[in-house]
Each structure stands twice: as structure tokens, then as C-alpha cells.
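Residue strings, one per chain:
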Amino acid sequence: MKSLTVGGLFSGVGGIELGFEKAGFQILWSNEIDKNACITYRANHKHSLYDEDIIKFKNRKLPTVDILVGGFPCQAFSVAGYQKGFNDKRGNMFFEIMDLIGNLKTHPKVLVLENVKNLTGHDSGNTRKVIEKTLREEFNYSVIWEVMNTSEYTEIPQNRERTVIICFKNENGLEMSEGSKSYKYKYLKFPKKVEKTKSIQEFLDKDVDEKFYYRQDKYMYKELAKVIKNPDTAYQYRRVYVRENKNNQVPTLTANMGTGGHNVPLIRVEDGIRKLTPTECFRFQGFKNIKLPKELPNSQFYKQAGNAVTVDLFQKIANSIKDVITK
């Protein structure tokens, strides 16, 4: 059978694409504006990557694809940001995606979009209404909207809640009422929740450079040593206090880990207290063998890991979609 094809937007280092690739899909092209993320992307993927603003990219003559995926910018909707939504330029990127779809010769059979959990309730639910109305009424897609946590749907112990939107072409409205659900909506089986995650230790390296450690000469060492005692979980230094993750998980990895490092999770290991390395952060996102280009600083890798999606989760989502559209 011919491989199902995928196009990617706001690709970062290619987490969604990698998940679909692992599920047997063929990636035709991707798009990312961050030049540093593009360097890491190209070191780990062979397919076409266009490093330009989507405002320019949307007007290219692109090969049509079966599935269009994208984790569009989330800062405009995040509780960690100003929550300006569509009043923020980054929030308008959703409409740039719609423009790109309109410019394609054939609309994708499936859309898979990802954003922060807060997108669901942003602006008292009005943002969701606008997105769903646009997808349904203007582009004739059904809309399946779920909030999914990495630690609930994969074995990776990271508390990462994200909104996942799956849309099927020519099925608008059929998912709206009981008894009239579309075939695709009815038979799309979301990944089952796992019973337990792996331990944090299974994702850690044994030999780690000294620069990642907090020794007694660090000004905050005494404060860290008072709290960071449990080797089975991770901690965050929040400038004025240290927070322990009570669920023995890594807290949500964020892009601002790369801006000063204060949000990089901290752990207790046999030889002291240290922060997670960039490789470990990527491992907690499901990147098992990622290549980190030597020309980039660690700050960029932390940012890229925080901006990424969890590969394992999207591999499961990809398999669910493949089951529906091939059967």
C-alpha cells in the first residue's frame, strides 16, 4: 500500500513528524522559522525543510499531503504568557494555517494540531468556538478536541498536558450529536491510558559533565540541599523557592529553560544535585537518539526540547489515525 503522506508546520525539531514517521507515514515537507531549530532538525531528518515565515511559506506551490500536522505557537494562549489569544500575532498563526490549506490544490484528509491545555478554556471558551467554527463551516472538517497528558498516555514520566485537535475532511457536523457520528469520528480510537510510567532514573545518563552540577560554591546550594533529597522525582528552582514534583515525574519542560536555565528540572543523583542535560530533556520528550549539532549552545537545546512535543504520544495518535483512514 502507498504510504500516507504528511506535511508539517511550526515543526520545531520535528517531534510530530518523527511520531508519524515511526508509525509508517512518509513526511514530504516541513516548515520552521527558527534558524537554530532548523539546524537541529536537519541533523536528524532527511526530508525537505523550509526555513521561513509561514506568511511567505503558505504561498508556495507545495505537494498535497494526506495529513497536515502542526504545533502552532502557544504563547498567545498559555497561562505562562499574557493570554492575548487572537489579539497576539502569534495567536493569528491558526488563520495562517487555514490560508495555507486554502492554497493547496487538494485539502488534506486529516489535520492534527497541537497547543497548550489552556487553549481549551481561553477567553471563556470563545477561542475554541472560533477555531471549531472555522474548521467546520469554512473548510468542512469534523473537529475532535482532546486534552492529553504525556504521563497518562505514554510511559514517559513528564507531566505535560496539551490540547490535541484532530479533524477529518468532509465530515463537518457529523460528530455533533449522538447517533449521527461520522464513521471516522466513531471509530477513531484514542490511545489508551497507561497504567504506570517508567521511573525517572531510566531516562538519565550515568556520566554527566561537571558543569551541570550544583556544588557548595553555588550561591543557592544550601537552599537546594534542604529540599532536593528524593532521587525518585524532579524539582524546579523557582528563583525564590524549590518545588518538588510529588508525582515522581518531571514537570512540564518549557521553552524558557533556555533563557537563564532557572526552569530546567533538578534531580538528586548519587554524586550530588544537578540539572537535567539537554539530551535528557529530549529523552523525556521521546527523542531517543537525537543528534545535537556542536555549533549550537545548550541554551538553544533546552529551548528546543521545551518547545517540542512528546514523540511517543504522537506516534500513538498517528497509529490511531492510520487505522481509521486505511480501514
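The structure we're discussing is the one just above.
Residues numbered from 1 in each chain as written. Predicted model: local features only at pLDDT ≥ 70, side-chain atom pairs only at ≥ 80, totals over all residues. Heavy atoms only, no water.

### What to know about empty space enclosed by the protein
Empty space among the atoms becomes apparent when a probe as large as a water molecule is rolled across them. Scanning the model with the defined rule gives 1 cavity of 30 Å³ or more in all. In this model, the largest cavity occupies a volume close to 40 Å³. Residue lining of the largest cavity: Glu114, Thr150, Arg160, Arg162, Val309, Thr310, Leu313 and Phe314, and that is the complete set. (1 Å grid on protein atoms, 1.4 Å probe; cavity = no way out; pocket = protein on both sides within 12 Å on 5 of 7 lines; lining within 4 Å. Points joined across faces, edges and corners; volume = space filled by probe spheres on them.)

### Side note on the pairing of strand 11 (residues 266–269)
Examined bridge by bridge, strand 11 and strand 12 (residues 272–275) share 4 bridges and lie antiparallel to one another. Note on strand 12: the bridge partner recorded for isoleucine 267 is arginine 274. Taken together, strand 11 and the strand that follows it, strand 12, pair antiparallel across an intervening segment of 2 residues. (Pairing = 2+ DSSP bridges. Helix = DSSP H or I, 4+ residues; strand = E, 2+ residues; numbered from the N terminus.)

### Some remarks on the sheet that holds strand 4 (residues 67–70)
Taken together, the 7 strands give an open sheet; going across it, the order is 3-2-1-4-5-7-6, and neighbouring strands pair in mixed fashion. Looking at the sheet topology across the chains shown, the edges are occupied by strand 3 (48–50) and strand 6 (144–149). Here the average twist between neighbouring strands, direction ignored, is 20 degrees. (Axes fitted to C-alpha atoms, helices over the stretch in contact; angles between N-to-C directions.)

### Remarks on the pattern of salt bridges
Inspection of the entire model under this criterion finds 19 salt bridges. The salt bridge partner of glutamate 132 is arginine 136, with a shortest N-O separation of 3.2 Å. Taken together, the positions of glutamate 132 and arginine 136, both in helix 5 (residues 126–138) and 4 residues apart, correspond to about one turn of that helix. For the pair shown, glutamate 132 and arginine 136 are each scored as buried. With a shortest N-O distance of 3.5 Å, aspartate 312 and lysine 288 are connected by a salt bridge. Linking aspartate 312 in helix 11 (residues 311–326) with lysine 288 in the loop between helix 9 (278–283) and helix 10 (298–307), this pair joins segments that are 24 residues apart in sequence. (Salt bridge = Lys/Arg side-chain N within 4 Å of Asp/Glu carboxyl O. Buried < 20%, exposed > 50% of the residue type's maximum accessible area, 1.4 Å probe, protein only.)

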